[in-house]
Amino acid sequence: MLPAIPPLADAALARQLQEAIDNKTKPLGALGRLEQLALQLGLIQHTRAPRISQPQIRVFAADHGLSRHGVSAYPGAVTAQMVHNFLNQGAAINVFARQHGIALRVVDAGVDAEFAEHPLLLNHKIRRGSRDALHEAAMTRDECIRALQAGMSVVERMPGNLLIVGDMGIGNTSAASLLLARLGELPLSLCIGRGTGLDDEGLARKQDILCRVLARHPQAQAPLDTLAAFGGLEIAMMAGALIMAASQRRVLLMDGFIAGTALLVAERLAPGVRDYAVFAHRSGEPGHRQLLALLNAEPLLDLGMRLGEGSAAALAYPLLLSAAAFLEEMASFDSAGISRQEQAPC
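Residues numbered from 1 in each chain as written. Predicted model: local features only at pLDDT ≥ 70, side-chain atom pairs only at ≥ 80, totals over all residues. Heavy atoms only, no water.

A. Structural view of the overall build of the protein chain. The secondary structure content of the protein chain amounts to 13 helices and six strands. For the protein chain, whose C-alpha radius of gyration is 21 Å, the value lies close to the compact-globule estimate of 20 Å for 346 residues. With respect to the principal axes defined by its C-alpha atoms, the protein chain has extents near 70 × 45 × 40 Å. The burial tally for the protein chain puts 57% of its 346 residues in the buried class. At a minimum sequence separation of 6, the contacts of the protein chain that also span at least 24 residues come to 74%. Accessible surface for the protein chain amounts to roughly 14100 Å². Of this, 51% is attributable to carbon and sulfur atoms. Of the side chains in the protein chain, 31 bear a positive and 33 a negative charge, and the two mean positions are spaced by 2 Å. (Helix = DSSP H or I, 4+ residues; strand = E, 2+ residues; numbered from the N terminus. Rg over C-alpha atoms; globule rule 2.2 N^0.38 Å. Buried < 20%, exposed > 50% of the residue type's maximum accessible area, 1.4 Å probe, protein only. Contact = heavy atoms within 4.5 Å. Areas by Shrake-Rupley, 256 points an atom, 1.4 Å probe, with all protein chains shown as cover. Lys, Arg positive; Asp, Glu negative; His and termini not counted. Charge placed at Lys NZ, Arg CZ, Asp CG, Glu CD.)

What follows is the structure in structure tokens.
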């Protein structure tokens, strides 16, 4: 069912890229993380001259059965309301996408509402919200597979070579916390945060509910079974999108906790996907810090953001442009006629 992920390791190309980077008119390593980013972009695109073209954002939206238990500070109806906000170009991700020239589409993965046709809306609804994982699996195995396949189809013929996946779904930090705890073999307490802004009482209620949900599904251990047990539909669809994008050698510019959890699922289902990921930021959500450590990832930004939608990834996007630009446009010592840095004596 899943496409093959091309291995990123290429010693000869990595050496050529590093030599090109080191030969730019600067002290060795002076551009810091930007140099590492240029090297990664070259390996992802399998070229010495990487370029970003027609970047894309896909915001995946779905509702969660768990939201009826008060695990979020907002009611479930907000998911559909925010989808309308996206379509009306009023959300943060709309602003940042316009600012940076990134094409945006909204994917209905499983919102508990029906929407009229809209040029920005892609309808891949599996069902109107996931089931209540406190009492049954959030998705059947068939629904989970269909969501993965739908995510792959969203990306398969998509233009461009860079993908940002964003999320919208009241209750989705609960689903992400459960997935992280089970797949990462972490204490659930380290994976749970305030989400949309729960107070202390709400956070305690969320912790109690999620502990009960985790205990309810001890048989869910394999990645697909875990994804089906805890949801959600948008996370499953995002995982499928990331797998397809990596198989096509697209850059995966990752947002925060929900998108990162989808990447964890994708990596467990199709090893190698993580190598195509550039981590945009460190979210204010506690579980995201655990996730970054699990994936051995160092993010580009740390702004205390926890909005989702792909918003922080859009803010980090210009750094990728700069990494590709200096590699292509910056003069070398030879072309500029500048003496190289002397090697330190033995």
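Right, picking up where we left off after that structure.
B. Spotlight on the layout of surface pockets. Within this model, the largest pocket holds a volume of roughly 480 Å³. Surrounding the largest pocket, 27 residues form its lining, N172, T196, R306, L307 and G308 being those nearest its centre. If you list the elements that add at least two residues to the lining of the largest pocket, you get α3 (77–87), β4 (162–168), α6 (172–183) and α10 (257–269). Taken together, the residues of the lining of the largest pocket break down into nine nonpolar, 11 polar and seven charged. If you add up the space inside the second largest pocket, you get close to 260 Å³. In terms of lining, the second largest pocket is formed by 16 residues, of which the most central are R33, Q36, Q40, R274 and A277. Mapped by element, the contributors of at least two residues to the lining of the second largest pocket are α2 (33–45) and β6 (277–279). (1 Å grid on protein atoms, 1.4 Å probe; cavity = no way out; pocket = protein on both sides within 12 Å on 5 of 7 lines; lining within 4 Å. Points joined across faces, edges and corners; volume = space filled by probe spheres on them. Nonpolar A, V, L, I, M, F, W, Y, C, P; charged D, E, K, R; others polar.)

C. Region of the structure containing empty space enclosed by the protein. Overall, the coordinates contain one cavity of 30 Å³ or more when judged by the stated rule. In this model, the largest cavity occupies a volume close to 40 Å³. Among the residues forming the lining of the largest cavity, the class breakdown is five nonpolar, three polar and one charged.

D. Highlighting the environment of Q16. Turning to its location among the elements, Q16 is positioned in helix α1 (residues 11–22). Placed 47 residues apart in sequence, Q16 and D63 show a C-alpha to C-alpha distance of 47 Å.

E. Spotlight on the pairing of β4. Most of β4 is tucked away, with seven of its seven residues classed as buried. Residues L162, I164, G166 and M168 point to one face of β4 and L163, V165 and D167 to the other, with burial holding for every one of them. Taken together, the six bridges between strand β1 (residues 56–62) and β4 define a ladder with parallel strand orientation. Across the sheet, the residue bridging to I57 is I164, located in β4. By the bridge criterion, two bridges tie β4 to strand β5 (residues 251–254) in an arrangement that is parallel. Residue L162 lies in a different strand from β5, and its bridge partner there is V251. (Pairing = 2+ DSSP bridges.)

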